[in-house]
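# A structural walkthrough
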Amino acid sequence: MASSNPDKLMSKGDKLTKLSFTRWSADWKAATGFYEQAAIGFRMKKDNEKAKEAFEKASKGQEMISSPWDAAKHMESAAALAKELSRWNEVSDHYRKASELYMECGRSQPASDALAKGASSLEDVEPKEAIRLYNDAILILEEDGKEQMAFDLYRAATSLYVKLEKYVDAANFLLRWGVAADKCNAVNSQCKAYLSAILVYLYAHDFAQAQKCYNDCTQIDAFLNSDQNRCASKLFSAYREGDVEEIKHIAQSSPISHLDHVIIKLARKLPTGDLEGLKAEASDEQQEALDEDDLT
Amino acid sequence: MSVIDILTRVDAICKKYDKYDVEKQRGDGSNIAGDDAFARLYSSVEADIEAALQKAELATQEKNRAAAVAMNAEIRRSKARLLEEVPKLQRLALKKVKGLSKEELAARNDLVIALPERIQSIPDGTSNGTKQTGGWTASASRPEIRFDTTPDGKFDSEYFQQTEESNKFKQEFEMRKMNQASICFRFVNLADQGLDAIAEGLDTLKNMAHDMNEELDRQVPLIDEIDTKVDRANADLKNTNVRLKDTVNQLRSSRNFCIDIILLCIILGIAAYLYKGLVLIYLLGSFVLIALDFG
């Protein structure tokens with residue numbers, strides 16, 4: 001039976017499940033078996049379309065016989081085949097369904113993994129959907145108290161945002177990463193996340209925002225006593241003096257070289273834009289203070 | 001965790017291709033005293049002056065006039081470049097740096113002031129005589145006399161004879177003081193270089209250690225889970241094994257017994273019925289069968 005034609009197996013399975021006059025209840029158990037074999041056969045023949053359908057039906061069958069774990073596994077295979085066929089909305093739907101089935105089993109890690117797989121397959125084609133999937137994956141893990149596992153997801157999402165040049169969103173994600181690291185006492189990752197956020201703001205040439213971010217981060221003791229804090233303060237003083245050489249030198253220094261490679265690339269391209277403008281702002285502020293003194 | 005693998009492999013690859021990295025070769029000079037911009041720049045200017053002096057020596061020894069002229073032109077160009085750097089150095093000298101005493105700050109200033117004369121004195125094949133006479137009477141220090149090479153040895157002795165001797169001692173003293181400062185600088189720079197390399201290595205190690213720490217923290221609950229699951233599976237297996245053993249034993253004893261008896265009777269009956277003469281042989285055969293069954 002295993003070596004017989006996958007099409008025949010499919011039709012056998014269909015016959016068992018289609019309700020008609022003679023058949024009042026579908027025999028899902030046997031049908032699922034047939035569907036699975038058919039799917040494997042189709043996959044070996046590289047007939048992606050039919051294999052995908054077979055996997056979908058097998059998954060439905062498993063659901064009917066109340067084994068969500070196998071159902072989820074089949075859904076994932078179907079999603080992978082949909083990716084080969086470039087059916088992007090199906091990819092997203094299948095991975096989400098698989099994730100829900102995993103949650104039914106009470107296993108949050110595989111659920112989040114399924115969403116992460118979906119997101120990575122959609123990164124190039126539908127980045128917004130990919131971001132949504134990453135977000136949902138992170139939420140699943142955080143609800144279950146497994147923030148440690150979410151670090152890779154945060155990193156992937158941040159690099160996607162940077163690729164899309166959405167620097168504010170990227171910085172936001174980095175700050176969220178910092179919060180997650182804080183919850184599981186991963187001080188090194190937390191400080192690195194904060195330094196990366198500051199760098200992203202500086203790269204987007206938003207000096208005020210970067211300054212605010214830095215001030216917020218220094219409220220946190222762990223960051224205040226870290227190497228990354230010192231590096232950030234050196235960077236800010238270099239920016240205030242408009243010293244391009246110094247900024248480049250700091251960008252080569254060790255705390256920055258140990259960050260994620262996407263962030264390192266941004267750091268090496270600092271400073272972006274006009275430092276003179278920043279210097280003028282800083283000196284204006286000082287001058288205003290002097291004027292007030294003169295008046296009094 | 002493959003992060004460490006990746007790090008070490010990338011380091012190995014980078015080291016392999018370092019010789020192609022022009023920026024790094026140029027940047028090697030700036031490794032000295034990383035934080036202190038003044039020391040960096042000063043050491044680079046020093047290095048350039050040394051190089052120019054060596055080139056000047058080569059130029060004087062050069063037999064080929066065209067090559068000598070070309071070398072002198074190069075020296076002149078580098079002198080002009082170095083003179084441009086001096087004002088920058090002066091600005092940096094005045095800047096206050098952490099951990100620097102007042103004397104050192106003053107010394108730096110002096111060093112910077114002495115630089116232009118040193119640069120000018122690098123022989124570049126032009127009429128040195130007139131320039132140097134003008135320079136000597138005006139300046140307070142004599143930086144052109146060196147420990148190792150005197151590219152215009154003849155000049156010096158002549159002029160020493162001609163100018164006032166009282167100046168000579170003062171100038172020699174100041175020049176020696178400056179040389180000492182530069183030698184100290186060079187030793188300190190070497191030590192700093194070594195320490196910087198060690199610091200960099202330690203930084204990388206620290207970062208890797210932190211990452212390993214966090215990774216292990218991540219693995220701990222996973223391994224605990226695996227531990228409980230494996231314990232459960234182990235207990236199940238033991239249970240199953242014992243039951244299986246019992247079942248197999250049971251089957252063996254009862255089944256064999258019945259089959260043995262039945263076979264024995266049939267065989268004896270057939271043998272006795274058909275072959276009255278060969279009963280003994282068949283009896284023997286049946287005993288063999290029993291033995292096989294039990295074995």
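Parameters and conventions
- Residues numbered from 1 in each chain as written.
- Chains lettered and ligands numbered in written order.
- Predicted model: local features only at pLDDT ≥ 70, side-chain atom pairs only at ≥ 80, totals over all residues.
- Heavy atoms only, no water.
- UniProt positions renumbered as here; feature names shortened; annotations may be inferred.
- Helix = DSSP H or I, 4+ residues; strand = E, 2+ residues; numbered from the N terminus.
- Buried < 20%, exposed > 50% of the residue type's maximum accessible area, 1.4 Å probe, protein only.
- Contact = heavy atoms within 4.5 Å.
- Areas by Shrake-Rupley, 256 points an atom, 1.4 Å probe, with all protein chains shown as cover.
- pLDDT = per-residue confidence, 0-100.
- Buried area = accessible area lost by both parts, 1.4 Å probe.
- Salt bridge = Lys/Arg side-chain N within 4 Å of Asp/Glu carboxyl O.
- Polar contact = N/O pair within 3.5 Å; in protein donor to acceptor, adjacent residues only side chain to side chain.
- Nonpolar A, V, L, I, M, F, W, Y, C, P; charged D, E, K, R; others polar.
- Patch = residues over 30% accessible without salt bridge, like charges linked within 9 Å, V, L, I, M, F, W, Y side chains within 5 Å.
- Phe/Tyr/Trp six-rings, centres within 6.5 Å; stacked < 30°, edge-to-face > 60°.
- Lys NZ or Arg CZ within 6 Å of the ring centre and 35° of its normal.
- Core = buried A, V, L, I, M, F, W, Y, C linked by side-chain atoms within 4.5 Å.
- Domains from an automatic or database assignment.
- Axes fitted to C-alpha atoms, helices over the stretch in contact; angles between N-to-C directions.
- Parallel < 35°, antiparallel > 145°, perpendicular 65-115°, else oblique.
- Left-handed = near helix turned anticlockwise from the far one by under 90°.

The name an unreviewed UniProt entry assigns to chain B is Syntaxin-71, from the organism Apostasia shenzhenica. As its UniProt record puts it under Sequence similarities (unreviewed entry), chain B is described as follows: "Belongs to the syntaxin family." Database annotation for chain B, UniProt heading Subcellular location (unreviewed entry): "Membrane".

An unreviewed UniProt entry annotates chain A as Gamma-soluble NSF attachment protein originating from Apostasia shenzhenica. Its UniProt record gives chain A a comment under Sequence similarities (unreviewed entry), which states: "Belongs to the SNAP family." A UniProt comment under Subcellular location (unreviewed entry) is attached to chain A, and it reads "Membrane".

## Quick word on the overall build of chain B
What chain B contains, in helices and strands, is nine helices and zero strands. Helices (α) and strands (β) of chain B occur, in sequence order from the N terminus, as α-α-α-α-α-α-α-α-α. By residue count, 23% of the 295 residues in chain B fall in the buried class. Relative to all contacts within chain B whose residues are 6 or more apart in sequence, the contacts with residues 24 or more apart total 66%.

## A word on the overall build of chain A
The helix and strand inventory of chain A stands at 17 helices and zero strands. Here chain A holds 296 residues, and the buried ones make up 47% of them. Within chain A, counting contacts between residues at least 6 apart in sequence, those at least 24 apart form 56% of the total. Looking at chain A as shown, the accessible area adds up to about 15000 Å², and 50% of this sits on carbon and sulfur atoms.

## Some thoughts on the side chain of Ser121 of chain B
Note that Ser121 of chain B resides in helix H5 (residues 102-121). You can call Ser121 of chain B buried: its relative accessible area is 13%.

## Observations regarding the confidence of the model for chain B
All names here are of chain B. Summary statistics for chain B give a mean pLDDT of 77 and a share of 75% for residues scoring 70 or more. Helix H8 (residues 165-274) holds the highest mean pLDDT among the elements of chain B, 89, whereas helix H6 (residues 128-138) holds the lowest, 43. Reported confidences for the modelled complex are a pTM of 0.59 and an ipTM of 0.78.

## Looking at the interface of chain B and chain A
Contacts between the two partners involve 15 residues from chain B, matched on the other side by 17 residues from chain A. Roughly 1300 Å² of surface becomes buried between chain B and chain A when both sides are summed, with 38% attributable to carbon and sulfur atoms. Our count for the contact surface shared by chain B and chain A stands at three salt bridges. For the pair chain B and chain A, the interface holds five residue pairs in polar contact (both at pLDDT 80 or more). Take the side of chain B that touches chain A: its biggest share by element is eleven residues, from H8 of chain B. Considering only residue class, the side of chain B that touches chain A consists of one nonpolar, four polar and ten charged.

## Concerning a nonpolar patch on the surface
Residues and elements named next belong to chain B. A surface patch of nonpolar side chains, amounting to about 680 Å² of accessible area, comprises Ile262, Ile266, Ile270, Tyr273, Leu274 and Tyr275. Mapped onto the secondary structure, Tyr273 falls in helix H8. Residue Tyr273 is classed as exposed on the basis of its relative accessible area of 71%.

## Observations concerning the pattern of salt bridges
All names here are of chain A. Enumeration over the complete set of coordinates arrives at 28 salt bridges over all chains. For Arg96, the salt bridge goes to Glu129, with nearest N and O atoms at 3.1 Å. Here the residue Arg96 occupies a position in helix H5 (residues 88-105), and Glu129 occupies one in helix H7 (residues 127-143), the gap between them amounting to 33 residues. Classification of Glu129 as buried rests on a relative accessible area of 11%. Taken together, the shared-partner salt bridges in this structure form one network comprising Glu49, Lys52, Glu56, Arg87 and Glu90.

## Concerning unusual backbone geometry
Residues and elements named next belong to chain A. Phi angles above zero are rare outside glycine, and Ser86 is one such case at about 60 degrees. Within the fold, Ser86 resides in the loop between helix H4 (68-84) and H5. If you check the backbone angles, Glu165 has positive phi at about 60 degrees while not being a glycine. Structurally, Glu165 is set in the loop between helix H8 (151-163) and helix H9 (167-183).

## As for the UniProt feature "coiled-coil region" (unreviewed entry) in chain B
Those residues carrying the UniProt feature "coiled-coil region" (unreviewed entry) are residues 223-254 of chain B in this numbering. Here residues 223-254 of chain B is 100% helix and 0% strand, with 47 Å between the C-alpha atoms at its ends.

## Some points on the packing of aromatic side chains
A complete count under the given rule lists eleven aromatic pairs over all chains for this structure. Ring geometry for Tyr154 of chain A against Trp177 of chain A: centres 6.3 Å apart, planes inclined by 10 degrees, an arrangement best described as stacked. Residue Tyr154 of chain A is located in helix H8, and its partner Trp177 of chain A is located in helix H9; the two are separated by 23 residues in the primary sequence. Just as Tyr154 of chain A is buried, Trp177 of chain A falls in that class too. Judged by centre distance (5.5 Å) and plane angle (25 degrees), the rings of Tyr42 of chain B and Phe185 of chain B are stacked. Of the two residues, Tyr42 of chain B is situated in helix H3 (residues 37-61) and Phe185 of chain B in helix H8; the sequence distance between them amounts to 143 residues. Residue classification places Tyr42 of chain B among the buried positions, given a relative accessible area of 2%. Ring pairs connect the aromatic residues Phe151, Tyr154, Tyr161, Phe173 and Trp177 of chain A, which therefore count as one cluster. Positioned over the ring face of Phe173 of chain A is Arg176 of chain A, at 4.9 Å from the centre of the ring.

## Points about the nonpolar core
If you look at the biggest cluster of nonpolar residues, it comprises 77 residues, and the most contacted ones within it are Ile198, Leu199, Val200, Leu202 and Ile256 of chain A. Considering every element that reaches this core, the biggest residue donor is helix H10 (residues 187-203) of chain A, with eleven residues. Here this core spans two domains, since at least three of its residues come from each of domain 1 (31-144) and domain 2 (167-295) of chain A. When residues no more than four places from it in sequence are discounted, the contact partners of Ile256 of chain A are Leu195, Leu199, Cys231, Ile250, Ala251, Ile264 and Ala267 of chain A. Within the second largest apolar cluster, 23 residues are counted, among which are Tyr42, Ala52, Ala93 and Val112 of chain B.

## Observations concerning the packing of helix H13 (residues 227-241) of chain A against helix H14 (residues 244-251) of chain A
Residues and elements named next belong to chain A. Relative to each other, H13 and H14 sit at 160 degrees, their axes nearing to 8 Å. Considering their axes alone, H13 and H14 lie roughly antiparallel with respect to each other. The interaxial crossing formed by H13 with H14 has left-handed handedness. Contact residues: H13 offers Cys231, Lys234, Leu235, Ala238 and Tyr239, while H14 offers Glu246, Ile247 and Ile250. Its residues assigned to classes, the contact of H13 with H14 comprises six nonpolar, no polar and two charged.

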